[in-house]
Amino acid sequence: MRKVLALLVVTLFVTSLLGARPVKAEETLTVYSYESIEGWMKEIIPIFEKEYGVKVRLVTFGDAGEVLSKLIIEKNNPQADVVVGIDNSYLQKALQADILIPYKPENAKYIPEWIIKDFDPTFHLTPYDYGAIAIVYKKDVVKNPPKTFEDLTKPEWKGKLIVENPLTSSTGMAFFLWTIGVYGDKWPYYWEKLKQNDVIIVKGWGAGWEMWDKNQAPLFVSYATDPAYSACNYNDTSIGAIFLNDTAYVQIEGAGIVKGTKHLELAKEFINFLISKTAQEKLPLNQWMYPVNKEVKLPACFSYALNVSSAKVITIPSEELAKNTDKWLKEWRALMVEGKKPEEISPTPTSTAPNTNKTESSSSTGSSICGPGLIVGLAIVPLLLRRRP
């Protein structure tokens, strides 16, 4: 009898094993982005994980430029599935590196056509937010702010302007391209004037914000939404922002699927999710940029932001960026880091010229060390106080 019972138990055990359904391991999506995006990601990733029953691993680097460099290094052995935060300044470099899979998400219908047209109609990168670069200042410190690029080169602003390094910061790159859009091939002569006027150059937006917030310099290259940030969070309307020469350079950020991903379908769902109303509603008060989803209503305090429609938007054609970006950056390094003169750089003439569009209804777009043009703060880790690439 005992043998029969034992045999019965073994039989039931084996049967249960054979009939059991295999347990599927939880799928993990790896997302690369810059450090200061964490505020937005912490709000939306749990929603995505719950909806799809997956895990999202967010891996951050200091700046969008560092993110792109990492992806290029890993091109033959990709470790990421999705990248978030490549803007129009780095778009062409990303496309030339051939590290992205084109994918037009279903939610693309909510993105205004002018943003798609001015960013990436091929959808290697899907736009998820946009904003404009501006010079910010504190109204109680700066009574008569500069109005033009040339004003920044005057003695009264000597050593008083903080600019991010275009080699390491997408914000700095956007400002650099803004000057090229305004000055064309004469940009090295303008930057030489900035250098002679002791412009302060920092690694990234976080390091620059820290210096500016501590009143180490009164002018800072930042964003037109900074006054809104101050009003929203501190009920403080003392921050001002200006568009130089009544022009604005619009920065558009995008997300894309990394070529070689092992989770293609999940990556597609994540791109769709980023531009959904659910995710986009949480963007303005974390990213301090404008959501691309036109169904999202902006917070009331965004009325304090400097309105892009008040300026002529500067754009540089994508073909010009693809052709000249690397050359421009090499020339900038030679001028600002190696100490060469504009005449020594001898930039090859290009067709780049100020390309301006007056925006109507968004239908067209477009520890410091003092010394001449010294680059400082290269070892400072960008602050995570706010989102900035």
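So, here's what we can say about the structure.

Some details on the overall build of the protein
Here comes step 1: Looking only at helices and strands, the protein has 14 helices and 15 strands in total.
Here comes step 2: Looking at the protein as a whole, 55% of its 389 residues qualify as buried.
Here comes step 3: Roughly 17600 Å² of accessible area belongs to the protein as shown, and the carbon and sulfur atoms make up 54% of that amount.

Points about the packing of helix 7 (residues 187-196) against helix 13 (residues 318-336)
Here comes step 1: Relative orientation of the contacting elements helix 7 and helix 13 amounts to 35 degrees, with a least axis distance of 10 Å. Every pair of crossing elements has a handedness; the one defined by helix 7 and helix 13 is right-handed. Residues Trp187, Pro188, Trp191, Glu192 and Lys195 of helix 7 form the contact with helix 13, whose participating residues are Trp328, Glu331, Trp332, Leu335 and Met336.
Here comes step 2: Residue composition of the contact of helix 7 with helix 13, grouped by class: 7 nonpolar, no polar and 3 charged.

With respect to helix 3 (residues 64-73)
Here comes step 1: Of the residues making up helix 3, those classed as buried are Ala64, Gly65, Val67, Leu68 and Leu71. One side of helix 3 holds all its buried residues, which, seen down the axis, span an arc of 160 degrees.
Here comes step 2: The residue sitting at the N-terminus of helix 3 and contributing the capping side-chain oxygen is Asp63; that oxygen lies 3.1 Å from the backbone nitrogen of Gly65.

A look at empty space enclosed by the protein
Here comes step 1: Approximately 40 Å³ is the volume found for the second largest cavity.
Here comes step 2: As for the second largest cavity, its lining consists of Ser89, Tyr90, Gln92, Lys93, Gln96, Leu321, Thr325 and Asp326.
Here comes step 3: Across the lining of the second largest cavity, the residue classes break down as 2 nonpolar, 4 polar and 2 charged.

Considering the pairing of strand 5 (residues 126-138)
Here comes step 1: Burial of strand 5 is extensive: 13 of the 13 residues sit out of reach of the surface.
Here comes step 2: Sheet topology note: the strand 5/strand 11 (residues 250-258) ladder contains 6 bridges and is antiparallel. Directly across from Tyr130, in strand 11, lies its bridge partner Ile252.
Here comes step 3: In the sheet, strand 5 pairs with strand 12 (residues 290-291) via 2 bridges, with the strands oriented antiparallel. Residue Asp129 lies in a different strand from strand 12, and its bridge partner there is Pro291.
Here comes step 4: By the bridge criterion, 4 bridges tie strand 5 to strand 8 (residues 219-223) in an arrangement that is antiparallel. When the sheet's bridge partners are listed, Ala134 is paired in strand 8 with Ser222.
Here comes step 5: Two strands pair when backbone bridges link them, and strand 5 and strand 9 (residues 239-242) are joined in this way by 4 bridges, in the antiparallel orientation.

Considerations on the packing of aromatic side chains
The geometry of an aromatic ring pair is captured by two quantities: the separation of the ring centres and the angle between the planes.
Here comes step 1: Scanning the model with the defined rule gives 27 aromatic pairs in all.
Here comes step 2: Geometrically, the ring pair formed by Phe175 and Trp191 is edge-to-face, given 5.9 Å between the ring centres and 75 degrees between the ring planes. With Phe175 in helix 6 (residues 170-183) and Trp191 in helix 7, this pair connects stretches of sequence that are 16 residues apart. Comparing Phe175 with Trp191 shows no difference in burial state: the two are buried.

How each quantity is defined
The written sequence of each chain sets the order in which its residues are numbered from 1. In keeping with the predicted nature of the model, local features appear solely for residues at pLDDT of at least 70, side-chain atom pairs appear and are counted solely at 80 or more, and the whole-chain, interface and lining totals rest on all residues. As a convention, hydrogens and water are excluded, and side-chain values are obtained from all of the structure's heavy atoms. Each helix is a run of DSSP H or I of at least 4 residues and each strand a run of E of at least 2, with the numbering of both proceeding from the N terminus. Between buried and exposed lies partly exposed: a residue is buried under 20% and exposed over 50% of the maximum accessible area for its type, with that area taken using a 1.4 Å probe on protein chains only. Values of accessible area rely on a 1.4 Å probe in the Shrake-Rupley scheme; residue burial ignores everything except the protein chains shown. Convention adopted: a line fitted to C-alpha atoms gives each axis, helices being fitted over their contacting stretch, and angles between N-to-C directions are expressed from 0 to 180 degrees. Helix crossings get a hand from a simple test, with the near helix turned counterclockwise from the far one by less than a right angle marking a left-handed crossing and a clockwise turn marking a right-handed one. In this description, contact between two residues means that some pair of their heavy atoms is separated by no more than 4.5 Å. Residues were grouped as follows: Ala, Val, Leu, Ile, Met, Phe, Trp, Tyr, Cys and Pro as nonpolar; Asp, Glu, Lys and Arg as charged; and all remaining residues, including Gly, as polar. Directions drawn from the helix axis to the C-beta atoms are what define this arc. Any N or O atom pair separated by 3.5 Å or less is treated as a polar contact, with the protein-specific requirement of one donor-capable and one acceptor-capable atom, and with residues adjacent in sequence counted only for side-chain atom pairs. Cavity and pocket criteria rest on a 1 Å grid covering protein atoms alone: a 1.4 Å probe that fits but cannot get out defines a cavity, protein on both sides within 12 Å along at least 5 of 7 lines defines an open pocket, and an atom within 4 Å of a point defines a lining residue. Grid points are joined across faces, edges and corners, and a volume is the space filled by probe spheres set on the points. The rule for pairing is simple: two strands pair if DSSP sees at least two bridges between them. Classification of ring pairs uses Phe, Tyr and Trp, with its six-membered ring standing for Trp, and accepts pairs whose centres are within 6.5 Å; under 30 degrees between planes counts as stacked, over 60 as edge-to-face, and the remaining range as tilted.

That's the geometry; what it means functionally is another story.
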